[in-house]
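Geometric and topological summary
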Amino acid sequence: MRARIEYYETLLPLFTGRKLLKHKQLIKERIDKWMKRKKNQEMEEIILSLYD
């Protein structure tokens with residue numbers, strides 16, 4: 001998951017100018033989505049470890 005986030009972050013500097021603004025926003029949204037998934041997975045692992 002972290003690798004995917006890092007990949008998307010490396011793409012951000014490539015999207016410059018008005019024509020690519022929508023694409024840059026899409027990449028930022030995908031980064032946010034994967035960061036939320038990562039956080040949720042970490043929380044789930046913590047919760048499961050408490051009950052083992």
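See the structure shown above.
The shown structure was predicted, so the numbers you read here are calculated from the model rather than taken from an experiment. (Residues numbered from 1 in each chain as written. Predicted model: local features only at pLDDT ≥ 70, side-chain atom pairs only at ≥ 80, totals over all residues. Heavy atoms only, no water.)

A few words on the overall build of the protein. Looking only at helices and strands, the protein has two helices and zero strands in total. Over its C-alpha atoms the protein spans a radius of gyration of 15 Å, topping by over 25% the 10 Å that the globule rule assigns to 52 residues. For the protein, the C-alpha atoms occupy an extent of roughly 50 × 15 × 10 Å along the three principal directions. Sorting the 52 residues of the protein into buried and exposed places 15% on the buried side. Total accessible area on the protein stands at roughly 4800 Å², and carbon and sulfur atoms take up 56% of it. (Helix = DSSP H or I, 4+ residues; strand = E, 2+ residues; numbered from the N terminus. Rg over C-alpha atoms; globule rule 2.2 N^0.38 Å. Buried < 20%, exposed > 50% of the residue type's maximum accessible area, 1.4 Å probe, protein only. Areas by Shrake-Rupley, 256 points an atom, 1.4 Å probe, with all protein chains shown as cover.)

Charged atoms that come close allow side chains of opposite charge to pair. One pass over the full model with this rule turns up three salt bridges. Here E6 ties to R2 by a salt bridge, and the two come within 3.4 Å at their closest N and O atoms. Taken together, the residues E6 and R2, both in helix α1 (residues 2-11) and four residues apart, mark about one turn of the helix. You can call E6 partly exposed: its relative accessible area is 40%. (Salt bridge = Lys/Arg side-chain N within 4 Å of Asp/Glu carboxyl O.)

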